[in-house]
Amino acid sequence: MTSKTKNNTRETILHAIKSSHEATVDELADVADVSPVTVRHHLNALQAEDLVMARSVRRKVGRPHYVYSLSEDGQELFPQKYYRLSSHLLEELKTRFSPEVVSSVFDGVAQRIMAEHKGEFEHLPFENKLSYLVTLLAEEGFLAKWEKAGGQYQLIEYSCPYLSIGEIHDEVCNFDKSLIIGILETEVTQHSCMLAGDSCCQFTIDLP
């Protein structure tokens, strides 16, 4: 089987599961026009990548069989309307409320996230807090790292999940900055921003 054929079969299986919500090996074999053995091979690979989940279903007679559905990561493979919806929501917020209120909404989101994790970071030493912050930012879609140079700490974000929408609504920049300040309990100075065309967002952190 060529690489192209393999990828086409895999995509067919993923689309079939998406459209039917759950599917058996035999159902997927019919849709993809391949043998059940081939389907199982693809499903094993997709499960290893955490794109597909299996659920055992008991029959009245005979052995139980499995039905397959997409995992959360698998669902993310398909186009979503998050960008358009988020943009519409922000437009509505900015129409109804002042810039200060809109900014406070993003700050409130950061505060809520911190409240959910407070017991995990509040007693950590400062550098451990920095490492925890990088992990928390990763959970929110940011690729970041921290480093110490010349007696100063710096946090560098190499990717931002809100870059596209931030080009229209720069208020979203308040979110990660509020998270950084709240976790570290100190002020930060931003030196570069991807929205301004820089290659990264870079912050110098004041020692508490």
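Because the structure is predicted, anything quoted here is derived from the model rather than measured.

*Asks:* Looking at this model, I keep getting lost on helix H3 (residues 36–48). Mind explaining?
*Replies:* Since the α-helix advances by 3.6 residues per turn, residues separated by three or four positions end up pointing in the same direction. The end-to-end C-alpha separation of H3 is 18 Å, in line with the 18 Å expected for 13 residues at 1.5 Å each. Downstream of H3 by one or two residues, Asp50 has phi in the positive range, about 60 degrees.

*Asks:* Is there a simple way to explain the pattern of salt bridges in this structure?
*Replies:* A side chain of one charge can pair with a side chain of the opposite charge when the charged atoms of the two come close. The full count for this structure, using the stated rule, is six salt bridges. Across the pair Glu171 and Lys94 runs a salt bridge whose closest N-O atoms are separated by 3.3 Å. Placement of the pair is Glu171 in the loop between helix H8 (163–166) and helix H9 (173–184) and Lys94 in helix H5 (residues 82–96), with a sequence separation of 77 residues. In this structure, Lys129 engages Glu185 in a salt bridge whose closest nitrogen and oxygen atoms are separated by 2.9 Å. One end of the pair, Lys129, is in helix H7 (residues 126–139); the other, Glu185, is in the loop between H9 and strand S5 (188–192), and 56 residues separate them in sequence. The exposure class of Glu185 is exposed, given its relative accessible area of 58%.

*Asks:* Please clarify how H7 should be interpreted in this entry.
*Replies:* For H7, with 14 residues, the first-to-last C-alpha span of 20 Å sits near the 20 Å given by 1.5 Å per residue. Among the residues making up H7, those that are buried are Phe126, Lys129, Leu130, Tyr132, Leu133, Val134, Leu136 and Leu137. Looking at the buried positions of H7, the neighbouring elements they touch are helix H6 (99–121), strand S3 (143–149), strand S4 (152–159), H9 and strand S6 (201–205). In the segment just after H7, Gly141 is the residue with positive phi, at about 105 degrees.

*Asks:* Would you mind showing me how to read the packing of aromatic side chains here?
*Replies:* Describing an aromatic ring pair means giving the distance of the ring centres and the angle of the ring planes. Using the criterion set out here, one finds six aromatic pairs in the structure. With 5.7 Å between their ring centres and 35 degrees between their planes, Phe121 and Tyr132 make a pair best called tilted. You can see Phe121 sitting in helix H6 and its partner Tyr132 sitting in helix H7, a full 11 residues away along the chain. Of the residues examined, Tyr132 reaches a relative accessible area of 16% and is grouped as buried. Geometrically, the ring pair formed by Phe142 and Tyr162 is edge-to-face, given 5.7 Å between the ring centres and 75 degrees between the ring planes. In this pair, Phe142 is assigned in the loop between H7 and S3 and Tyr162 in the loop between S4 and H8, connecting sequence segments 20 residues apart. Of the residues examined, Tyr162 reaches a relative accessible area of 27% and is grouped as partly exposed.

The rules we used
- Residues numbered from 1 in each chain as written.
- Predicted model: local features only at pLDDT ≥ 70, side-chain atom pairs only at ≥ 80, totals over all residues.
- Heavy atoms only, no water.
- Helix = DSSP H or I, 4+ residues; strand = E, 2+ residues; numbered from the N terminus.
- Expected span 1.5 Å × (residues − 1).
- Salt bridge = Lys/Arg side-chain N within 4 Å of Asp/Glu carboxyl O.
- Buried < 20%, exposed > 50% of the residue type's maximum accessible area, 1.4 Å probe, protein only.
- Contact = heavy atoms within 4.5 Å.
- Phe/Tyr/Trp six-rings, centres within 6.5 Å; stacked < 30°, edge-to-face > 60°.

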